[in-house]
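Below, each chain spelled out in residue letters.
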Amino acid sequence: MKRMIIQGGNRLSGEVTIGGAKNSTVALIPAAILADTPVQFDTVPDILDVHNLMIILKSMNVKSEFSHGVLDIDPTQIIEAELPSKAIKSLRASYYFMGSLLGRFHRATLTFPGGDNIGPRPIDQHLKAFKALGATVSENGGTVHLEAQNGLHGARIFMDMVSVGATINAILAAVRAEGTTVIENAAREPEIIDLATFLNNMGAKIRGVGTDTIRITGVNTLQSMNTHTIIADRIESGTYLSLAAALGDGVMIHNVIPEHLESFTSKMIEMGVDLQIDSDRIYVPKTTKFKPIHVKTMPYPGFATDLQQPLTPLMSLAEGDSVIVDTIYPKRVKHVPELQKMGMQIEAHDGTIVVKHTAALHGANVSAGEIRAGAALTIAGLMADGTTVINNAGNILRGYDRIVWKLNRLHANVSIEDDTSVKIS
Ligand SMILES: CC(=O)N[C@H]1[C@@H](OP(=O)(O)OP(=O)(O)OC[C@H]2O[C@@H](n3ccc(=O)[nH]c3=O)[C@H](O)[C@@H]2O)O[C@H](CO)[C@@H](O)[C@@H]1O
Ligand SMILES: C=C(OP(=O)(O)O)C(=O)O
């Protein structure tokens, strides 16, 4: 288990550069096994999810090398093999191997995925899509077996609810299927567009991504001709925007796609933060007065559920009550009791989180129950007087690229310790 140690109270200033999007990367890596050539990604974030996906690739004889943000994957010698259940369970997105293995071998056997504990996360829509494409699905204990004995065939798939994961899995299974697939009520997240861009550049025929109807005409082969640059992480961007507003004396955030963050930046502006938004960077000036806001999380382009927690420390500075309703994950409140330990006036009842003005936060011994709860605790720890110890910090490192280095470059005082108290970067 890793712990993050924060000596709070420093004002932050300087520059930070956002990494490639976690939620793109974790779909692109499983997608790479659909290629008949080696593939290369750049601006890959250095996060635990990437390292765990590389372990899964290795078990299938797929070589991968990751250095300085460049990830090379060679799937040309891939074999069918039992996948390592510890790595599968370490992250949510391992379920994308269901779609990509089905696309590649017409069968797949996987244990159920892990990922953040943020309330119920069923995969019925994923399985419905696989069945529509011609696969049979059998479940045994914690294992799912998928098999398309007569191959995969294009179909019309209507998603009962808007799901990022089910949309991506349906694309992965359909991209090399015979005939045309139409996904209706599809999710529109930018990470889905990024995945389709990668696949289309290899010869796939995916049209309509970014709308709620996606059409895919299956192709026989996918061949990579160039490096795919991963889009900037909008959730990491929002996290740094929030902490820069809460305790910055002027912070420039580089490699941002402002169009992907409009639902978030509009709320910060409503709070009174005079953001200076450029084409690919945002400057956050020192701000001392904040107005309370109301936020409701929704599928993209609505306010992201992954950004409600990182905004709570900033909300605690507002002069009045702020309210969050998380319609995607109403039980995503793991940050609430931990922030209370730090003195924050925050409560959760019946799917509604209320954050009241809090005069001061103090350091405490807390736990990151999930990645974005960890982000909220990190920001609160930086704002607090004294020392904060965040246990289960592996949940933060799952998805925040080189976070200790980035925060310390902004003049924070943060370190990570493992069980044996050896400091790592
Ligand atoms: C790796 C990745 O990209 N993770 C993101 C992805 O997760 P993930 O893809 O798991 O989330 P979904 O978009 O699928 O979930 C949206 C909603 O649909 C429900 N649902 C989903 C699938 C299904 O088969 N049945 C079902 O009922 C879920 O319980 C949830 O209430 O989108 C979430 C919602 O934006 C984000 O918080 C996660 O960061
Ligand atoms: C919920 C998240 O991640 P995952 O879906 O990978 O668990 C997240 O990134 O906030």
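Conventions used here
- Residues numbered from 1 in each chain as written.
- Chains lettered and ligands numbered in written order.
- Predicted model: local features only at pLDDT ≥ 70, side-chain atom pairs only at ≥ 80, totals over all residues.
- Heavy atoms only, no water.
- Phe/Tyr/Trp six-rings, centres within 6.5 Å; stacked < 30°, edge-to-face > 60°.
- Helix = DSSP H or I, 4+ residues; strand = E, 2+ residues; numbered from the N terminus.
- Buried < 20%, exposed > 50% of the residue type's maximum accessible area, 1.4 Å probe, protein only.
- Near = heavy atom within 4 Å.
- Polar contact = N/O pair within 3.5 Å; in protein donor to acceptor, adjacent residues only side chain to side chain.
- Areas by Shrake-Rupley, 256 points an atom, 1.4 Å probe, with all protein chains shown as cover.
- 1 Å grid on protein atoms, 1.4 Å probe; cavity = no way out; pocket = protein on both sides within 12 Å on 5 of 7 lines; lining within 4 Å.
- Sits in = over half its atoms within 2 Å of the grid points.
- Nonpolar A, V, L, I, M, F, W, Y, C, P; charged D, E, K, R; others polar.
- Domains from an automatic or database assignment.
- UniProt positions renumbered as here; feature names shortened; annotations may be inferred.
- Points joined across faces, edges and corners; volume = space filled by probe spheres on them.

> In this structure, what is going on with the packing of aromatic side chains? I would like to understand it.
Pairs of aromatic rings are described using the distance from one ring centre to the other and the angle between the two planes. For the structure shown, the criterion picks out three aromatic pairs. With a centroid separation of 4.9 Å and an interplanar angle of 55°, the aromatic rings of Phe41 and Phe198 are classed as tilted. Here Phe198 lies in helix H7 (residues 190–201) and Phe41 lies in strand E3 (residues 39–42), a separation of 157 residues in the sequence. Given the relative accessible area of 1%, Phe41 is considered buried. With a centroid separation of 5.7 Å and an interplanar angle of 40°, the aromatic rings of Phe264 and Phe303 are classed as tilted. Linking Phe264 in helix H9 (residues 262–271) with Phe303 in the loop between strand E17 (294–297) and helix H10 (308–315), this pair joins segments that are 39 residues apart in sequence.

> How do you make sense of the site of ligand 1 when you look at a structure like this?
In the vicinity of ligand 1 there are 21 residues, among which Asp124, Gln125, Ser163, Val164 and Asp306 approach most closely. Side-chain polar atom of Tyr95 to an oxygen atom of ligand 1: 3.0 Å apart, as the coordinates give it. In the environment of ligand 1, an oxygen atom lies 2.8 Å from a nitrogen or oxygen atom belonging to the backbone of Val164. Look at ligand 1: alone it shows 740 Å² of surface, and the protein chains cover 87% of it. For ligand 1, the cavity whose grid points lie within 2 Å of the majority of its atoms is the largest pocket. Secondary structure elements with two or more residues in the shell around ligand 1: helix H1 (22–31), helix H5 (124–132) and helix H6 (164–174). Counting residues per element, the shell around ligand 1 draws most heavily on H5, at three residues. Among the residues making up the shell around ligand 1, the classes are represented as ten nonpolar, six polar and five charged. Taken together, domain 1 (3–19 + 232–424) and domain 2 (22–229) each give at least three residues to the shell around ligand 1, which thus spans both.

> Would you mind showing me how to read the site of ligand 2 here?
Neighbouring ligand 2 are eleven residues; Lys22, Arg121, Arg332, Arg372 and Arg398 lie closest to it. Contact between ligand 2 and Arg372: an oxygen atom at 2.7 Å from a side-chain N or O atom of the residue. In this structure, Arg398 approaches ligand 2 through a side-chain N or O atom, which is 2.5 Å from an oxygen atom. Contact with the protein chains covers 92% of the free accessible surface of ligand 2, which is 290 Å². Taken atom by atom, the bulk of ligand 2 overlaps the largest pocket. Looking at the shell around ligand 2 residue by residue, the classes come out as two nonpolar, one polar and eight charged. Composition of the shell around ligand 2 by domain shows at least three residues from each of domain 1 (3–19 + 232–424) and domain 2 (22–229).

> Would you mind showing me how to read the UniProt feature "binding site: UDP-N-acetyl-alpha-D-glucosamine" (unreviewed entry) in the chain here?
In the numbering adopted here, UniProt assigns the feature "binding site: UDP-N-acetyl-alpha-D-glucosamine" (unreviewed entry) to Arg92, Arg121, Pro122, Ile123, Asp124, Gln125, Asp306 and Ile328. Considering only the annotated residues already named, the ones lining the largest pocket are Arg92, Arg121, Pro122, Ile123, Asp124, Gln125, Asp306 and Ile328. Residue placement: Arg92 occurs in the loop between helix H3 (85–90) and helix H4 (96–105). You can call Arg92 buried: its relative accessible area is 12%. Within the element layout of this structure, Arg121 appears in the loop between strand E6 (107–111) and H5. Assessed through its relative accessible area of 24%, Arg121 is described here as partly exposed.

> What is the right way to look at the layout of surface pockets in this model?
With a probe scaled to a water molecule rolled over the atoms, the places where space remains empty come into view. If you add up the space inside the largest pocket, you get close to 910 Å³. Along the wall of the largest pocket there are 39 residues; nearest its centre are Arg121, Val164, Gly165, Ile328 and Tyr329. At the level of elements, H1, H5, H6, helix H8 (234–247) and helix H12 (371–383) are the ones that each hand at least two residues to the lining of the largest pocket. The class makeup of the residues in the lining of the largest pocket is 19 nonpolar, seven polar and 13 charged. Both domains that furnish three or more residues to the lining of the largest pocket are identified here as domain 1 (3–19 + 232–424) and domain 2 (22–229). Its boundaries defined by the atoms lining it, the second largest pocket holds a volume of some 310 Å³. Here the lining of the second largest pocket gathers at least three residues from each of two domains, domain 1 (3–19 + 232–424) and domain 2 (22–229).

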